[in-house]
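Residue-level listing of the chains:
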Amino acid sequence: MNVKAADIDRDGDLDLVIAMEFGANRLLLNDGSGRFADASERLPRAARDSEEIALADFDADGDLDVAVANEDDLKQELYLNDGRGQFRDASARLRIRVKANAVVAADLDGDRRPDLFFGGDKVSALMVNRGRARFEDVSFDRLPERYGANQDVAVGDIDADGDPDLVLANEDANQIYLNDGKGGFALAPAASLPRAARPEESRDAEVFDVDGDGDLDLFFANVRLWNQNAVAQNRLLLNDGKGAFTDATAVWLPAREESAVSAEPVDVDGDGRLDLVLGTLRIDGTKIGPGPIRVLKNSGSAFVEVTDAWLPAGTIAAGFDVAVGDFDGDKRPDLFVASRGSPDVYLRGR
């Protein structure tokens, strides 16, 4: 369902942590040349409904720990790293019951410790790190009362006031939570986030500077799975610099109603602009299968599809997530696509 790339065992290369739906999560360790060995036995072996992963040094000991969002079993997970990539289960420190599809780690209250936000179905949770990976649930005091059916959360300073805000990709209506500078959040005015003409069933939110004007814009990957009236066209919203957005979908994106379940900004061609790699699905009713992986080049005024030039012909996956990194040490971006129910795809940059 999700993959994160980071140096887990502190040997100088990028490893992979993979969230498995109704299965034990996986850890793949890199040998430095881009070849991976299965080291999943280093993680606790609980088989839960794992949906998304967040990595951060929660206990301030100099290595990366793992938080996992769980949906159907309502049990969020916390794994603490011993410094060599061996993990112990500290999930009891997250005493919340949230049907979570998403999790992000960021210093949300300005105390230089990574906190956790779990995006859930109608109810979300904000866990403040009080030090050494000891968390306090402050959801009722610091989160808006209006929730969506959340699928993904992105972090960025949307309104340029110096603190991190939250962008929620929801199955109903997308939302922005604005930070008050102290880790308290308020729902952004509806007028600042234009809605599509038809309902959106968004699965991924990406926050990055699309047009090079120095502020953070929004990309939503949209599907048509549960709501047959939903628009499967992806959306791009441009920031005015103060957190109010204009819908630039028609100008910037290819007109295609194809269910994209993930997106990853990456400068594939080295021109200084962030392009997009998309994971898509083939959907038949409520059954899903592998769809094309797509590459969209940022020309500076539009995203243009260049898939045929950048990927091997016929590359498909049920691409629920994409990780980008220099896995083989050649200073070129490589791709790992986490494919639900079908083989994952590993692509080396040439």
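Residues numbered from 1 in each chain as written. Predicted model: local features only at pLDDT ≥ 70, side-chain atom pairs only at ≥ 80, totals over all residues. Heavy atoms only, no water.

**A short note on the overall build of the protein**
Part 1 of the reasoning: Secondary structure assignment for the protein yields three helices and 29 strands.
Part 2 of the reasoning: Relative to a compact globule of 350 residues, whose C-alpha radius of gyration would be 20 Å, the protein shows 19 Å and is just as compact.
Part 3 of the reasoning: For the protein, the C-alpha atoms occupy an extent of roughly 50 × 45 × 40 Å along the three principal directions.
Part 4 of the reasoning: In the protein, which comprises 350 residues, the proportion classed as buried is 56%.
Part 5 of the reasoning: Sequence separation of at least 24 residues holds for 46% of the intrachain contacts in the protein that already meet a minimum separation of 6.
Part 6 of the reasoning: Accessible surface computed for the protein: about 14,800 Å², of which carbon and sulfur atoms make up 49%.
Part 7 of the reasoning: A distance of 4 Å separates the average location of the 40 positive side-chain charges in the protein from that of its 68 negative side-chain charges. (Helix = DSSP H or I, 4+ residues; strand = E, 2+ residues; numbered from the N terminus. Rg over C-alpha atoms; globule rule 2.2 N^0.38 Å. Buried < 20%, exposed > 50% of the residue type's maximum accessible area, 1.4 Å probe, protein only. Contact = heavy atoms within 4.5 Å. Areas by Shrake-Rupley, 256 points an atom, 1.4 Å probe, with all protein chains shown as cover. Lys, Arg positive; Asp, Glu negative; His and termini not counted. Charge placed at Lys NZ, Arg CZ, Asp CG, Glu CD.)

**Some thoughts on empty space enclosed by the protein**
Part 1 of the reasoning: The full count for this structure, using the stated rule, is one cavity of 30 Å³ or more.
Part 2 of the reasoning: Every residue lining the largest cavity is listed: Phe219, Gln233, Asn234, Leu253, Pro254, Arg256, Glu258, Leu278, Thr280, Arg294 and Leu296.
Part 3 of the reasoning: Contributions of two or more residues to the lining of the largest cavity are made by β23 (275-284) and β24 (287-298).
Part 4 of the reasoning: When grouped by side-chain class, the residues that make up the lining of the largest cavity number five nonpolar, three polar and three charged. (1 Å grid on protein atoms, 1.4 Å probe; cavity = no way out; pocket = protein on both sides within 12 Å on 5 of 7 lines; lining within 4 Å. Points joined across faces, edges and corners; volume = space filled by probe spheres on them. Nonpolar A, V, L, I, M, F, W, Y, C, P; charged D, E, K, R; others polar.)

**Quick word on unusual backbone geometry**
Glycine aside, the phi torsion of most residues is negative, and most peptide linkages are trans.
Part 1 of the reasoning: Of note in this structure, Arg10 is not a glycine but carries a positive phi near 60 degrees.
Part 2 of the reasoning: Within the secondary structure layout, Arg10 lies in the loop between β1 (2-6) and β2 (15-19).
Part 3 of the reasoning: Here the phi dihedral of Ala60 falls at roughly 60 degrees; this positive angle occurs in a residue that is not glycine.

**Some thoughts on the pairing of strand β6 (residues 47-56)**
Part 1 of the reasoning: Counting buried residues in β6 gives eight out of ten residues, a clear majority hidden from the surface.
Part 2 of the reasoning: Bridge analysis of strand β3 (residues 21-24) against β6 gives three bridges, and the strand direction is antiparallel. Across the sheet, residue Glu21 finds its bridge partner in β6, namely Asp49.
Part 3 of the reasoning: Of the pairings in the sheet, the one linking β6 to strand β7 (residues 65-70) comprises six bridges and is antiparallel in character. Note on β7: the bridge partner recorded for Glu52 is Ala69. (Pairing = 2+ DSSP bridges.)

**Here's the deal with the environment of Arg45**
Part 1 of the reasoning: Mapping Arg45 onto the fold places it in the loop between β5 (36-38) and β6.
Part 2 of the reasoning: Residues Arg45 and Gly23 lie 22 residues apart in sequence; the distance between their C-alpha atoms is 8.6 Å.
Part 3 of the reasoning: With sequence-adjacent residues up to four places away left out, Arg45 is seen in contact with Ala24, Asn25 and Ser40.

**Observations regarding the nonpolar core**
Part 1 of the reasoning: If you look at the biggest cluster of nonpolar residues, it comprises 19 residues, and the most contacted ones within it are Phe58, Leu78, Leu94, Leu116, Phe118, Met127 and Phe135.
Part 2 of the reasoning: Contributions of two or more residues to this core are made by β6, β7, β8 (77-81), β10 (100-106), β11 (115-120) and β12 (125-129).
Part 3 of the reasoning: Not counting residues within four places of it along the chain, the set of residues in contact with Phe118 comprises Val68, Ala69, Gln76, Leu94, Ile96, Ala100, Ala102, Val103, Ser124, Ala125 and Met127. (Core = buried A, V, L, I, M, F, W, Y, C linked by side-chain atoms within 4.5 Å.)

**Considering the packing of aromatic side chains**
Part 1 of the reasoning: Under the criterion given, the structure shown has six aromatic pairs.
Part 2 of the reasoning: Judged by centre distance (6.2 Å) and plane angle (90 degrees), the rings of Phe117 and Tyr177 are edge-to-face. Taken as a pair, Phe117 in strand β11 and Tyr177 in strand β16 (residues 175-179) lie far apart in primary sequence, 60 residues in all.
Part 3 of the reasoning: Taking relative accessible area as the criterion, Phe117 reaches 0% and is therefore assigned buried.
Part 4 of the reasoning: Take Tyr177: its relative accessible area is 0%, and that puts it in the buried class.
Part 5 of the reasoning: For the pair Trp252 and Phe303, a centre-to-centre distance of 5.7 Å together with 55 degrees between the ring planes defines the contact as tilted. One end of the pair, Trp252, is in helix α2 (residues 249-252); the other, Phe303, is in strand β25 (residues 303-305), with 51 residues separating them in the sequence. Across the pair, Phe303 and Trp252 agree in class, each one buried.
Part 6 of the reasoning: Ring pairs connect the aromatic residues Phe36, Phe327 and Tyr346, which therefore count as one cluster. (Phe/Tyr/Trp six-rings, centres within 6.5 Å; stacked < 30°, edge-to-face > 60°.)

**What to know about the sheet that holds β5**
Part 1 of the reasoning: The four strands are arranged β1-β2-β4-β5 in an open sheet whose pairing can be described as antiparallel. Of all the strands in the sheet, the pair left with one neighbour each is β1 and β5. Within this sheet the neighbouring strands show an average axis-to-axis angle of 25 degrees, counted without direction. (Axes fitted to C-alpha atoms, helices over the stretch in contact; angles between N-to-C directions.)

**Notes on the layout of surface pockets**
Part 1 of the reasoning: Considered as a void within the structure, the largest pocket measures approximately 680 Å³ in volume.
Part 2 of the reasoning: In terms of lining, the largest pocket is formed by 34 residues, of which the most central are Asn2, Lys4, Glu52, Asp152 and Asp204.
Part 3 of the reasoning: Residue contributions to the lining of the largest pocket peak at six residues, all from strand β18 (residues 202-208).
Part 4 of the reasoning: Grouping the constituent residues of the lining of the largest pocket by class yields 22 nonpolar, three polar and nine charged.

**Thoughts on the side chain of Glu52**
Part 1 of the reasoning: As for its placement among the helices and strands, Glu52 is situated in strand β6.
Part 2 of the reasoning: Within the structure, Glu52 has its side chain in polar contact with the backbone nitrogen of Val103 (distance 3.0 Å).
Part 3 of the reasoning: Not counting chain neighbours up to four residues away, the residues in contact with Glu52 comprise Asn2, Lys4, Ala19, Ala67, Val68, Ala69, Asn101, Ala102, Val103 and Asp152. (Polar contact = N/O pair within 3.5 Å; in protein donor to acceptor, adjacent residues only side chain to side chain.)

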